[in-house]
Structures are given as structure tokens and as C-alpha cells.
Amino acid sequence: MNVEQPKLGRRGTLFLLIILGAFPPLTMDLYLPALPQMAEGFSTSHAMINLTLGAYMAAFAVGMLFWGPLSEKTGRKPILFAAIAIYIIASLLCAIVPNIESLIGFRVMQGLSGGGVTVVGTAIVKDLFDGRAREKVMATVMSLVIIAPMVAPVFGAFLLKVTTWRAMFVVLALFGCLAAGLVALYRETIEEKSSAPISKSWGRLIFVLKNPRFAYLWVLFSLVPMCLMAFLGTAAYVYIDDFGMSEQAFSYIFAFNGACAGLGPMLYMWLSDHIRVQTFVLGCLGVIIMSGMCLLVFAAQSQWIFAACAGMATLSVIALRVPGANLLLEQQTKDTGSAAALIQCGGTLMGAIGVQIVSANAHDLIRNYGLLVMAVGIICAIMWLAVQHRSFVADKVSKPL
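Everything in this summary refers to the structure shown in the same document.

Conventions adopted
Residues numbered from 1 in each chain as written. Predicted model: local features only at pLDDT ≥ 70, side-chain atom pairs only at ≥ 80, totals over all residues. Heavy atoms only, no water. Helix = DSSP H or I, 4+ residues; strand = E, 2+ residues; numbered from the N terminus. Rg over C-alpha atoms; globule rule 2.2 N^0.38 Å. Buried < 20%, exposed > 50% of the residue type's maximum accessible area, 1.4 Å probe, protein only. 1 Å grid on protein atoms, 1.4 Å probe; cavity = no way out; pocket = protein on both sides within 12 Å on 5 of 7 lines; lining within 4 Å. Points joined across faces, edges and corners; volume = space filled by probe spheres on them. Nonpolar A, V, L, I, M, F, W, Y, C, P; charged D, E, K, R; others polar. Contact = heavy atoms within 4.5 Å. Patch = residues over 30% accessible without salt bridge, like charges linked within 9 Å, V, L, I, M, F, W, Y side chains within 5 Å. Areas by Shrake-Rupley, 256 points an atom, 1.4 Å probe, with all protein chains shown as cover. Salt bridge = Lys/Arg side-chain N within 4 Å of Asp/Glu carboxyl O. Core = buried A, V, L, I, M, F, W, Y, C linked by side-chain atoms within 4.5 Å. Phe/Tyr/Trp six-rings, centres within 6.5 Å; stacked < 30°, edge-to-face > 60°. Lys NZ or Arg CZ within 6 Å of the ring centre and 35° of its normal. Axes fitted to C-alpha atoms, helices over the stretch in contact; angles between N-to-C directions. Parallel < 35°, antiparallel > 145°, perpendicular 65-115°, else oblique. Left-handed = near helix turned anticlockwise from the far one by under 90°.

## What about the overall build of the protein?
And step 1. For the protein, the helix and strand inventory stands at 19 helices and zero strands.
And step 2. For a compact globule of 401 residues, the expected C-alpha radius of gyration is about 21 Å, and the protein comes in at 20 Å, within 12% of that figure.
And step 3. Structurally, the protein occupies a C-alpha span of about 55 × 45 × 35 Å along its principal axes.
And step 4. The 401 residues of the protein split such that 59% are buried.

See the structure below:
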């Protein structure tokens, strides 16, 4: 560590990073079992309900662009406190909304604040760790954060049995309170704050994007999460409406997808000790392409086939997060907050677009999802083949032991 954490210690710091990283999956996945019920309760369409996901993800992306560069000026801790406070208020307001339009509005507020929590968490990892140590911490955090999307839908389905979907947002507010308590024990990790005026902080985003190597890799690794986000936006309708599963049964089969995601970072850490990172990335993109093809041809026949195909795509998407994020961070020696904001924002924004693309035609969700997964895999594989041997990639990735 570059900055010791006397109150939290190493384990406490890791736990803080896990809690901060759990904000996005908890905020998105906890209420997934309730989506069909919410559509009926608000007397609205699936596309309108999906806007509560898409609007959250879009606002989340914008929030990261706002808070990330600002944290270089003010420090990480003030941003965390401010973002978490807004998140708690937004969650409570979501719990009492009278209509779908109000829910979408407060989900935007929730996304804007949640973006600050996530981007600062990523920046703290860069503040504290370097090289292979950073990869190990990111892989550990990601693997443990994946518990959230495994547990969240199961807990959400349980809440639906004893109360309504509104209680789920109260739970999110309480989670925000837990995070605030941990942040109170955190010691600032940014060693040298920016001296530039606050008004110029956001201009650093453009500066980072002017780095062509960062920009190219940013586009590549931002496209990949579309496969996962599109699944989140369609899973409840496919399993509950198309395959006729109950909310509780859906939560269990959704947890399988979370388990596949949890294997991704561990798979990368193990295989990267034996094979080149370039080969690993290309292999994952190949699996994504094959998953998309199988979704198109076989997935409509059974929920188990659909789960298997989606699970393999998810495993590959999450496995690519560690080398992708580390490779992007290696392209920048300064402006960590801005780089972290762009890294997180790109994937989230493209994910929001993926949700809306797939849900545009609610009558053929499986086919739409399969086409998206296959197309993303092919495009990203072509982009990776073009640069995998270039020095800005080959010299920055971890080498096999």
C-alpha cells in the first residue's frame, strides 16, 4: 500500500473496496424479480419498466464522469460522503413513488450518486496498488462483489413474498448507511491533489481521451459489458414470462449466472500465470461469439440452455474486466480519477444502450440478445487482433510465470 489505513487495516480496506464495488450490482439486481410485477402494478410496458434500468445505468455513467475528475481536486473521501448521502436519499424516494415516471426520475438520481461511489472505489485501487498486485486486488474484489448479484435476486424474491418491491429500495438505503460507516474509518489515499480550478477538473476527461491508445482500448473494453447488461435487462422477462418460472425460481437460476461471473476473475488470475494475456482475451471473445450463436440456435428450447449460454457469456465478460481495466490504467500515469471515470462510464453507458436495443422488440428477447452477444464478440475480436502485438499492449500486460 502507498497509504496505510490505520483504522481499517488491510482486511478492512479490502472490505471497503468490496462494499463500494457492490453498489452497481445490488442497485440493479435486487429488484429484478419484481420487474414483471412492477409493469403490471404501474399498468405500463416492459420497455417503460426497463427504463428504470437503462436510465439508472446512463445516469451512473454520467455520474462517474462528474465525480471522478472532481475527486482529484477534493480528495476521495469527501466525494464518497457526498455521493453516498445522495444515494441514500434517492433510494428512500424510490420507495415512495406514486408512478413510473417518478421512479425513473429518482433512479436517475440514484445512478448519478452511485457513479461517484464506484469510480472513487476504482481510483482508490490505483492509489494503493501497482502492477500485478493491482490485478490481484481487482480480481479478489470482483470475485467477492459477484456475491451481490447472486444473493440480491434471491433476497429480492424473498422480500416479494413478505412485502412489496418498495422495501427493496429501503434495503438499498440501509446498505448506503453501512458504506458511509466504513468511509468514516477510511484515510484519504490521494497523495497529491490537483491544484487546477474545479471548473477545469472535468477538462481532464478530454485530455485522457486524447491519448489514442487509451481511447482505442476504451472503446474495445466498453463494448464487452453490453452482453452482461443486456442479460440483466431481459432475464426476468425471459425466465418468468417466456419460460413460466416463479420469481423465487428465477432468483435461483439467476444466481447461477452470478456464480459464473464470480469464476471470471479467478479464471483470469489462474490462466494468466500460464498463458499470455493476449491469448486469454482472444479466447474469451471467442467464447462470447460461440455463446451468441448458441443463444440464437438453441436457447429458446429450454431455460437451462438459455442459462448455460448466458452463463458462459457472463463468465467471459467478467473475466475480461481485470486485464481490460489494468491495461487501460497502465496507459495513464496521471489523471487516475478521470481515467477510472471513463473506464467505468464506457462499459455502463454501452450497457444501457444494450438493454434498450434488446428490449426494443419484447416479443423476441432471446433472439435479440443472441444477436447482440454475437455481434459484440465479433467486433471486439477484430479490434483486439489489430492491436494485441502492439507495444502499448504487449509491454503493459502481465507476463506468464
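On we go from here.
## Re empty space enclosed by the protein
And step 1. One pass over the full model with this rule turns up two cavities of 30 Å³ or more.
And step 2. Roughly 900 Å³ of volume is contained in the largest cavity.
And step 3. G21, T118, M142, R321 and Q344 are the residues nearest the centre of the largest cavity, which is lined by 45 residues in total.
And step 4. Ranked by residue count, the leading element in the lining of the largest cavity is helix α6 (residues 100-128), at five residues.

## Describing the layout of surface pockets
And step 1. Reported here for the largest pocket is a volume of approximately 600 Å³.
And step 2. As for the largest pocket, its lining consists of 23 residues, of which E72, I190, E192, K334 and D335 are closest to the centre.
And step 3. At the level of secondary structure, the elements contributing two or more residues to the lining of the largest pocket comprise α4 (46-74), α6 and α17 (336-359).
And step 4. Within the lining of the largest pocket, the residues separate by chemical class into three nonpolar, eight polar and 12 charged.

## Let's talk about the environment of Y268
And step 1. Within the fold, Y268 resides in helix α13 (residues 247-271).
And step 2. A sequence separation of 30 residues divides Y268 from V238, and the C-alpha atoms of the two residues are 30 Å apart.
And step 3. Filtering out sequence-adjacent residues up to four positions away, Y268 remains in contact with R132, E135, V277, F280, A319, V322, P323 and S398.

## Focus: the environment of S316
And step 1. By the element assignment, S316 lies in helix α15 (residues 303-319).
And step 2. You can call S316 buried: its relative accessible area is 2%.
And step 3. Counting along the chain gives 33 residues from S316 to G283, while the straight-line C-alpha distance between them is 8.7 Å.
And step 4. Beyond its immediate stretch of four places on either side in the chain, S316 contacts C284, V287 and I288.

## Describing a nonpolar patch on the surface
And step 1. A contiguous nonpolar patch, built from L144, I147, V151, F155, F158 and V162 and spanning about 520 Å² of accessible area, is present on the exposed surface.
And step 2. Sort the elements by how many residues they give to the nonpolar patch and helix α8 (residues 147-162) lands first, with five residues.
And step 3. With respect to the element layout, F155 can be found in helix α8.
And step 4. Residue classification places F155 among the partly exposed positions, given a relative accessible area of 33%.

## Quick look at unusual backbone geometry
And step 1. Backbone geometry at S43 places phi at a positive 55 degrees, although glycine is not the residue there.
And step 2. Relative to the elements of secondary structure, S43 occurs in the loop between α3 (35-41) and α4.

## With respect to the nonpolar core
And step 1. One finds W165, Y239, F306, Y369 and W384 to be the most contacted residues of the largest nonpolar core, which totals 142 residues.
And step 2. No other element matches the 13 residues that helix α12 (residues 226-242) contributes to this core.
And step 3. Non-local contacts of Y369, meaning those with residues more than four positions away in its chain, are made with C227, A230, F231, L295, F306, A310, A313 and V358.

## Here we look at the packing of aromatic side chains
And step 1. Under the defined criterion, the tally for this structure stands at 19 aromatic pairs.
And step 2. An angle of 55 degrees between the planes, with centres 5.6 Å apart, marks the rings of Y31 and F169 as tilted. Note that Y31 is positioned in the loop between α2 (23-29) and α3 and F169 in helix α9 (residues 166-185), a separation of 138 residues in sequence. Neither Y31 nor F169 differs from the other in exposure class; each is buried.
And step 3. Within the aromatic cluster, the residues linked to one another by ring pairs are F231, Y239, F243, F250, F254, F306 and Y369.
And step 4. Positioned above the aromatic ring of F207 is the side chain of R204, whose terminal nitrogen or guanidinium carbon lies 4.1 Å from the ring centre.

## A closer look at helix α16 (residues 321-330)
An α-helical turn contains 3.6 residues, so a residue and the one three or four places further along point in the same direction.
And step 1. Burial analysis of α16 places eight of its 10 residues in the buried class, which makes it a mostly covered element.
And step 2. Within α16 the residues assigned to the buried category are V322, P323, G324, A325, N326, L327, L328 and L329.

## Structural notes on the pattern of salt bridges
And step 1. Per the stated rule, a full pass over the model turns up three salt bridges.
And step 2. Close ionic contact of R76 with D127 constitutes a salt bridge, the shortest N to O distance being 2.8 Å. Of this pair, R76 sits in helix α5 (residues 76-94) while D127 is found in helix α6, placing the two residues 51 residues apart along the sequence. Taken individually, R76 and D127 each receive the classification buried, so the pair is uniform in this respect.
And step 3. With a shortest N-O distance of 3.3 Å, R134 and E330 are connected by a salt bridge. Linking R134 in helix α7 (residues 131-145) with E330 in helix α16, this pair joins segments that are 196 residues apart in sequence.
And step 4. A relative accessible area of 2% means that R134 is categorised as buried.
And step 5. One salt-bridge network, held together by shared partners, links E72, R76 and D127.

## Observations concerning the packing of α12 against α13
Helices that pack against each other are described as a pair by the angle of their axes relative to one another and the distance between those axes.
And step 1. Interhelical geometry of α12 versus α13 gives an angle of 150 degrees and a closest axis separation of 10 Å. By the angle between their directions, the pair α12 and α13 is classed as roughly antiparallel. Seen from above, α12 lies across α13 with right-handed handedness. Together, L228, F231, L232, A235, A236, Y239 and I240 of α12 and E247, F250, I253, F254 and N257 of α13 make up the contact between the two elements.

This is a description of form; function is not addressed.
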